[in-house]
Structures are given as structure tokens and as C-alpha cells.
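Structural characterization, general
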Amino acid sequence: MFSFDDKKYMAKALTLASRARGKTSPNPMVGCIIVKDNKIIGQGFHHAAGLPHAEINALNEAGDDAYGATMFVTLEPCCHYGKTPPCADKIIEAKISKVIVSIYDPNPVVSGKGIEELQKAGIIVETGLLQDRAVRLNEVYIKYITTQMPFVLIKVGMSLDGKIQGPEQWITNERSRQIVHKMRSEYDAILVGKQTVLTDNPYLTSRIRGGKNPYRIIVDSRLQIPIESNVFAAPEMVIIATTPAAPADKLSILRKMGTRVVITSTVDRRVDILELMKQLGQMEITSVIVEGGARINASFLSSGVVDKMALFISPQIFGKMDYLSVVEGLDAAIRLNNICVKRVGDDVLIEGDVGRKL
């Protein structure tokens, strides 16, 4: 159905879209290529929420030459007024003759309607080109827009024998840590438990040039972390997840500092993780990277909210029984699917989608 050239142009559109990774939340990443007489006459991608969409950027570059051209776009063009006008109307006005779309927009406000608008205007529309790549590119957006909860990644640095605690501060190598900081920049928020703050006193920032710092979410059911902790260097970027057991005076202090507090019901006297994810979704936090300890990892996996895991494995064996493991207290085995294995210097990175409990 699709030619080699069609695949080539859509692949380029997907690559363009990925240039905005971590910058478009709560919107998807979208790329667009306009082709006429087998030449690219316009291209663009969505840079950030509130800015013009990929199709508009590509149409602006193509100008009048867009008449009769073919558009390749990674996601169904929108047909409603949001922060920007509908792209479908602009495509029709430009008299594009054919639009090839990788995937439908899962947003119920748009899904199928944008394509229908184009077809009513006499534009040929074809769908499904490189759809697997398009789905993977926007896995965060798809999870968020269909469930109203953030996409959740658990990141772990570990030894060969599964320990996340060792005799030195760092288990993994510097290259692995650089990748983690890039991940932090691409996610809306980073989450840890209170024990990580009490033990390591981290800043939880993204220390890469041109990157952005995520929100820092601390799960602390009784507000035991001190307000002098490093995470409060930017209190307005901190979200504390706690329970009704939290002391009122500490709650008041945190709120006066500009820190947001999320109070959930309890599960085994701890923060209800599922309820927390729902509240974060209402705050338009579309993605969370969990860098907690063994119990936080277990709580998230048991709650069924985790979508993906990234395991950085160092070629070391610690052996001590009192060193913490990756997960402690899991109520059922978890299997990872769609495994990807990469060498990171001497370390190995294993990434996989979280499947059903076994």
C-alpha cells in the first residue's frame, strides 16, 4: 500500500517530531513533511504546548506550493480549537490533495474527526504508515490522554546480584548517570520516597545543558522529611504526596513555602499510589520517572500503574544480604515485554514494558 518513498518521508516526520521530546507536555510530539513532485517543500514539528502545531509550521514553509501536494503527518490533524486553531481547516485552505497519517489521535475530542473533516473536503487520507514507531514515540501522550493518569517509568541502578545499595555512592558508571539526567529532562516529574530524601538528601534535578528540571514528587505519608532538605531549594517545583496522618502544622509550613501537597487515602497506612496518579493527572503531569527504593518500587508495581522499567546493571556483585534489592515486598511476579538491551560502557541497560502480574 505504501511505497518506499512514503516510508522514507514518514520516517523523517517521526524523526522531526522526536526533536521536541520532553518539551510538548501535555501535548503529543508531532512531525510533518509536505512533498510535491517527490521533493520536500515544507517541514515542521510541534515545539511546545501553546506554539503552532507541526502541520502549521510545515504549511508556512511550503507557502503557495502546498497546492496539490501530499502531507505526511505522524498524528491525526486536530479539528478543534484549543490553544491554537484547528490544523484540519488550514490543510483544507492550503488545498493539500493527500494526507498520509501514521496514527489516529487517541484524544476522544479529535479521534477520527480530523480525518473525517479532511475527507469531506475531498482530500485523500491514508492511515497506518509506520504506526508502531508513532505509537512508541507518543507512548506518554497515549497513556495520559486515554487514562488521565501519567505514564510511569521505574528507573533503577543495580548490581549484577540485584542490589541498589553498595559500598560506594555510585553503582553505575558516569555514562549511565548522564542518560538518567537526560531521562529526567524528558519527564514531567521525578518521584522518590521519603527514605531516599532522608538518606541521600538529593536535589533531583536534571544536570544537562539545555535540559529542564522536572517536578520533584516526594511520597511521605507522615511528612517526616525536613524542610531544610535539598529538594526544597525550589519549593514551587516540589509536590509532597501524603496522607491524613500528616501533621497540620507541617502541612501549613509547606504550603506557605509554595510547595503543593497531595493528600490521598491510605493503603496499609501508606499513600494510595493509584489515587496519587489520578491526582497528578488532574494537574496535567503526563509522565513520572520513579527513582525510589525497594519499597516504593514494590508499591508502584503492585498498584498496576507502571508502564515501563529501565534497569542500569553494573558489572559488580555485592553479595551482602543487608543491602537493599531492586524490589522488596512485591505481591506477585512481574514480567517485562518488548525488551531492549543496550551497552552503556561497562554497564548494561535493559528496558522493557511492564506486562501483567504472573
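Figured I'd write up the structure that's included with this text.

Cut-offs applied
- Residues numbered from 1 in each chain as written.
- Predicted model: local features only at pLDDT ≥ 70, side-chain atom pairs only at ≥ 80, totals over all residues.
- Heavy atoms only, no water.
- Helix = DSSP H or I, 4+ residues; strand = E, 2+ residues; numbered from the N terminus.
- Buried < 20%, exposed > 50% of the residue type's maximum accessible area, 1.4 Å probe, protein only.
- Contact = heavy atoms within 4.5 Å.
- Areas by Shrake-Rupley, 256 points an atom, 1.4 Å probe, with all protein chains shown as cover.
- Lys, Arg positive; Asp, Glu negative; His and termini not counted.
- Charge placed at Lys NZ, Arg CZ, Asp CG, Glu CD.
- Phe/Tyr/Trp six-rings, centres within 6.5 Å; stacked < 30°, edge-to-face > 60°.
- Core = buried A, V, L, I, M, F, W, Y, C linked by side-chain atoms within 4.5 Å.
- Polar contact = N/O pair within 3.5 Å; in protein donor to acceptor, adjacent residues only side chain to side chain.
- Salt bridge = Lys/Arg side-chain N within 4 Å of Asp/Glu carboxyl O.
- Pairing = 2+ DSSP bridges.
- Patch = residues over 30% accessible without salt bridge, like charges linked within 9 Å, V, L, I, M, F, W, Y side chains within 5 Å.
- Axes fitted to C-alpha atoms, helices over the stretch in contact; angles between N-to-C directions.

Moving on, we come to the overall build of the protein. On a plain count of helices and strands, the protein comes out with eleven helices and 16 strands. Put simply, the protein has 358 residues, and 51% of those count as buried. Of the contacts made within the protein by residues no fewer than 6 positions apart, 69% connect residues no fewer than 24 positions apart. Of the roughly 17200 Å² of accessible surface on the protein, 50% is carried by carbon and sulfur atoms. Across the protein, the mean location of the 44 positive side-chain charges is 3 Å away from that of the 39 negative side-chain charges.

Below, the discussion takes up unusual backbone geometry. Looking along the chain, the bond that leaves serine 25 and enters proline 26 is cis, with omega of 5 degrees. Topologically, proline 26 is positioned in the loop between α1 (4–18) and β1 (31–36). A positive phi angle is found at aspartate 37, which is not glycine, with a value near 55 degrees. The residue aspartate 37 is located in the loop between β1 and β2 (39–45) in this model. Despite not being glycine, glutamate 284 has its phi angle at roughly 60 degrees, a positive value.

Let's shift gears to the packing of aromatic side chains. For the structure on display, the rule yields two aromatic pairs. An angle of 45 degrees between the planes, with centres 5.4 Å apart, marks the rings of tyrosine 9 and phenylalanine 72 as tilted. Here the residue tyrosine 9 occupies a position in helix α1, and phenylalanine 72 occupies one in strand β3 (residues 70–75), the gap between them amounting to 63 residues. Accessibility classification places tyrosine 9 together with phenylalanine 72 in one group, the buried group. Taking the centre distance of 6.1 Å and the plane angle of 85 degrees together, the rings of phenylalanine 318 and tyrosine 323 count as edge-to-face.

This part covers the nonpolar core. Among the nonpolar cores identified, the biggest contains 42 residues, and Ile34, Met71, Phe72, Ile91, Ile96 and Val99 are the most heavily contacted of them. No other element matches the six residues that α1 contributes to this core. Setting aside anything within four residues of it in sequence, one finds valine 99 in contact with Met71, Val73, Ile91, Leu118, Ile123, Ile124, Val125 and Glu126. Among the nonpolar cores identified, the runner-up in size contains 30 residues, and Leu191, Leu276, Leu311 and Ile313 belong to it.

Mapped onto the elements of the fold, threonine 74 is located in strand β3. Polar contacts involving the side chain of threonine 74 include one to the main-chain amide nitrogen of glycine 31, which spans 3.1 Å. If near-sequence neighbours (up to four positions away) are discounted, threonine 74 is found in contact with Met10, Ala13, Leu14, Ala17, Met29, Val30, Gly31, Ser102, Ile103 and Ala134.

Moving on, we come to the pattern of salt bridges. Side-chain pairing between opposite charges can occur once the charged atoms of the two side chains come close. Scanning all chains against the criterion turns up twelve salt bridges. A salt bridge links glutamate 186 to lysine 182; its shortest N-O distance comes to 2.6 Å. Of this pair, glutamate 186 and lysine 182 both sit in helix α7 (residues 174–186), four residues apart, roughly one helical turn. Given a relative accessible area of 21%, glutamate 186 falls into the partly exposed group. Judged by relative accessible area, lysine 182 falls into the partly exposed class, the value being 46%. For glutamate 351, the salt bridge goes to lysine 342, with nearest N and O atoms at 3.4 Å. Owing to a relative accessible area of 13%, glutamate 351 belongs among the buried residues under this scheme.

Quick look at the pairing of strand β14 (residues 308–313) now. With six of six residues buried, β14 lies mostly within the body of the structure. Residue alternation in β14 divides its side chains into two sets, Lys308, Ala310 and Phe312 and Met309, Leu311 and Ile313, and both sets are buried. Of the strand pairs in this sheet, strand β6 (residues 151–158) and β14 are connected by six bridges, and their pairing is parallel. Bridging across to β14, glycine 157 finds its partner in phenylalanine 312.

Bringing a positive patch on the surface into the picture now. A contiguous patch of positive charge, built from Arg222, Arg269, Arg270 and Arg295, is present on the exposed surface. Relative to the helices and strands, arginine 295 is located in helix α11 (residues 294–303).

Here we come to the sheet that holds strand β5 (residues 124–127). The strand order across the open sheet built from five strands is β2-β1-β3-β4-β5, with neighbouring strands paired in mixed fashion. Sheet topology places β2 and β5 at the edges, where each strand pairs with a single neighbour. Strand-to-strand twist in this sheet, taken as the mean axis angle between neighbours without regard to direction, amounts to 15 degrees. Sheet topology places β1 next to β2; six bridges connect them, and they run antiparallel. Bridging from a neighbouring strand, isoleucine 33 pairs with glutamine 43 of β2.

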